[in-house]
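# Architecture and fold: a report
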Amino acid sequence: MKTEIRQKFIVANWKMHTTSFEAQQLSKSIVEGIAAPDHVTVVLCPPFPYLPIVGDMLRGSRVALGAQNVYPEAEGAFTGEVSPTMLLDLDCKYVIVGHSERRHKLGESDSFINRKVVCALASGLDVILCVGETLEQRQKGQTEAVLDRQLSTGLAGVRPEVLSHLSVAYEPVWAIGNDEHHATPQQAHDTHLLIREKLSQMIGATWSGELTVYYGGSVEPGNAAAFLGQEGIDGVLIGGASLKADEFLAIVNAGILETEAEMQRT
Ligand code: PGA
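Here's what I pulled together on the structure shown here.

Conventions and cut-offs
Residues numbered from 1 in each chain as written. Predicted model: local features only at pLDDT ≥ 70, side-chain atom pairs only at ≥ 80, totals over all residues. Heavy atoms only, no water. Near = heavy atom within 4 Å. Polar contact = N/O pair within 3.5 Å; in protein donor to acceptor, adjacent residues only side chain to side chain. Areas by Shrake-Rupley, 256 points an atom, 1.4 Å probe, with all protein chains shown as cover. Nonpolar A, V, L, I, M, F, W, Y, C, P; charged D, E, K, R; others polar. Pairing = 2+ DSSP bridges. Helix = DSSP H or I, 4+ residues; strand = E, 2+ residues; numbered from the N terminus. Axes fitted to C-alpha atoms, helices over the stretch in contact; angles between N-to-C directions. Contact = heavy atoms within 4.5 Å. Expected span 1.5 Å × (residues − 1). Buried < 20%, exposed > 50% of the residue type's maximum accessible area, 1.4 Å probe, protein only. Arc of directions from axis to C-beta.

Glancing now at the site of the ligand. The environment of the ligand is formed by Asn13, Lys15, His99, Glu171, Ile176, Gly177, Gly217, Ser218, Leu237, Ile238, Gly239 and Gly240. Between the ligand and Gly177, the relevant distance is 2.6 Å, taken from an oxygen atom to a main-chain nitrogen or oxygen of the residue. Contact distances for the ligand include 2.7 Å between an oxygen atom and a backbone N or O atom of Ser218. Coverage of the ligand by the protein amounts to 95% of the 280 Å² it exposes when considered alone. Here the residues of the shell around the ligand sort into 3 nonpolar, 7 polar and 2 charged.

Turning next to the sheet that holds strand β8 (residues 235–238). Strand pairing in a sheet takes place through backbone hydrogen bonds and is either antiparallel or parallel in direction. The strand order β1-β2-β3-β4-β5-β6-β7-β8 describes a closed barrel built from 8 strands, whose pairing is parallel. If you compare each strand with its neighbour and ignore which way they point, the axes differ by 25° on average. Two strands pair when backbone bridges link them, and strand β7 (residues 212–216) and β8 are joined in this way by 3 bridges, in the parallel orientation. Bridge pairing in β8 links Tyr214 to Gly235. Relative to the sheet, helix α2 (residues 51–58) contacts β2 (40–45) and β3 (63–67), its axis offset from that of β3 by approximately 170°. Of the strands in this sheet, β5 (126–131), β6 (166–170) and β7 touch helix α8 (residues 185–203), which is tilted by about 145° from β7.

Our focus in this paragraph is helix α1 (residues 20–33). With 14 residues, α1 should cover 20 Å at 1.5 Å per step; its first-to-last C-alpha distance of 20 Å lies within 8% of that length. Along α1, the residues that are buried comprise Ala23, Leu26, Ser27 and Ile30. In a view along the axis of α1, the buried residues occupy a sector of 95°, so they form one face of it. Turned more than 90 degrees from where α1 packs its buried face, Phe21 and Glu32 sit exposed. Against β2, α2 and α11 (245–265) lie the buried residues of α1.

Counting buried positions along β6 gives 5 out of 5 residues, so the element sits mostly inside the fold. When β5 meets β6, the two strands line up parallel, connected through 5 bridges. By the bridge assignment, Val131 is partnered in β6 with Tyr170. Relative to β7, β6 is paired through 4 bridges, and the arrangement is parallel. Residue pairing in the sheet places Ala169 in a bridge with Tyr214 of β7.

If you want it as structure tokens, here you go:
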């Protein structure tokens, strides 16, 4: 369970970007540039091959290491895949599961994502389950039904004792890496309410209130504070803006300021 003060979470999803040298430099600049590391939780999710390099840079800091994907078996004949055991071996604490690019570009189904969620949680990883509707689904008024399906199938069979290691990221597909369509903080807020309501039905009001719920989709230094200031948004998942140290640090700073504002209020 968390303490009274809800720290903001800032997660960098580097996707399939950086070279090994860039990964090292970027993580070094981030570790060295965070003003108040104990006021915010920062997680870097580099591509698989760079996990050890970034892990070395993060060692001894308060910045955590995460992976962008995982295969739902401990080991075996699964060519090209990476197991939860391997991620733990490399000091990963977090793993992103069900990102929309894996759902829509790599064809991952809700039930396959569910296997990953259950297996990664059982292995001891902290799972960030991504959910979100496409533009067409939103325009057809299907947002609630899509989120309902992604959450109920995605979280089927998750045991209550691992819920403290679960978080959910709301990432509307139409707002990810998109210059044309941006979700407003109000839209994000309203959908976060829907997600909490659904979670409350599934895991009870207490856990639904405790769970960290992120927003993701074209978050940048200019809008981060507006998203992080919404009630119910505990953190942000950053793609493009996490590849530039100054932009990412500005977003981390917005998280620190929001946590500090929360400290003043309580
Ligand atoms: P973006 O990506 O910040 O580039 O929109 C977010 C994500 O895909 O997690």
